[in-house]
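Working through the structure, step by step
One-letter residues, chain by chain:
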Amino acid sequence: MKFLIARLNHETNTFSPVATPVASFAPDYDDAAFQANKGMRTAMAAFIDAAQRLGAQCITPVSATANPSGTVDAEAYRVLTDRIDERRHRGAHTLVGLERRVVIVRRKRCQRRGDG
């Protein structure tokens, strides 16, 4: 049995004009993500504990959380979610446990101010 377990948390402050970049999430990947959450009081830790009780292999592609700040930069969202999706598509998983709280993602603007 393989369980894919990941964490992506952000509380959006819609009043902030500054987008939240990937560095603000201080992401941990793979085994570092596992170690950063094991034994903690997070949903990801609860998924890890449950998986281990069942004897499942834990696949932990990313654990990323940012302090409350402006909308998430589109590139940051893409980088972090692509990491999860890539691992999800790589193999058959018995269960996917995702602790995900991202409210608003800022898209890149296609037009500059003053353009049509």
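Sequence order as written defines residue numbering, which begins from 1 separately in each chain. Where local features are concerned, this predicted model is filtered to residues with pLDDT of at least 70; where side-chain atom pairs are given and counted, the filter is 80 or more; whole-chain, interface and lining totals use all residues. Excluding hydrogens and water, the side-chain figures rest on all heavy atoms present in the structure.

A few words now on the nonpolar core. Membership of the largest hydrophobic core is limited to 12 residues, which are Leu4, Ala6, Leu8, Phe25, Ile59, Val62, Ala64, Ala66, Val72, Ala76, Leu80 and Ile84. Only heavy atoms matter for contacts: two residues are in contact if any of them lie within 4.5 Å across the pair. In contact with Phe25, not counting residues within four places along its chain, are Leu8, Asn9, His10, Thr20, Ala64, Thr65, Ala66, Val72, Ala76 and Leu80. To qualify as a nonpolar core, a set must consist of buried Ala, Val, Leu, Ile, Met, Phe, Trp, Tyr and Cys residues joined through side-chain atoms within 4.5 Å. Relative accessibility under 20% of the residue-type maximum defines a buried residue, over 50% an exposed one, and the middle range a partly exposed one, all with a 1.4 Å probe and only protein chains included.

This brings us to the confidence of the model for the protein chain. On average, residues of the protein chain carry a pLDDT of 84, and 86% of them reach 70 or more. Contacts from residues 109–116, a stretch scored under 50 in pLDDT, to residues over four places away or in other chains number one contact. A residue's pLDDT is the predictor's confidence in that residue, given on a scale from 0 to 100.

The next thing to look at is the pairing of strand S4 (residues 62–65). Where strand S1 (residues 2–10) and S4 come together, three bridges link them in parallel fashion. Along S4, the bridge assignment pairs Arg7 with Ser63. As defined by bridge partners, strand S2 (residues 28–29) adjoins S4 across two bridges and the pair is classed as antiparallel. Across the sheet, Asp28 pairs through a bridge with Ser63, a residue of S4. A pair of strands is considered paired only if DSSP assigns at least 2 bridges between the two. In this description a helix means any DSSP run of H or I spanning at least four residues, a strand means any run of E spanning at least two, and both kinds are numbered starting from the N terminus.

Right, let's get into the pattern of salt bridges. By definition, a salt bridge exists where a carboxyl oxygen of Asp or Glu is found within 4 Å of a side-chain nitrogen of Lys or Arg. For the structure shown, the criterion picks out seven salt bridges. Here Asp30 makes a salt bridge to Arg87, at a shortest N to O gap of 2.7 Å. Of this pair, Asp30 sits in the loop between S2 and helix H1 (31–37) while Arg87 sits in helix H3 (residues 74–90); the two residues are 57 residues apart in sequence, bridging distant segments of the chain. Arg87 gets classed as buried once you look at its relative accessible area, which sits at 16%. Notably, a salt bridge pairs Arg78 with Glu75, separated by 2.6 Å at the nearest N-O pair. With Arg78 and Glu75 both in helix H3 and three residues apart, this pair spans about one turn of that helix.

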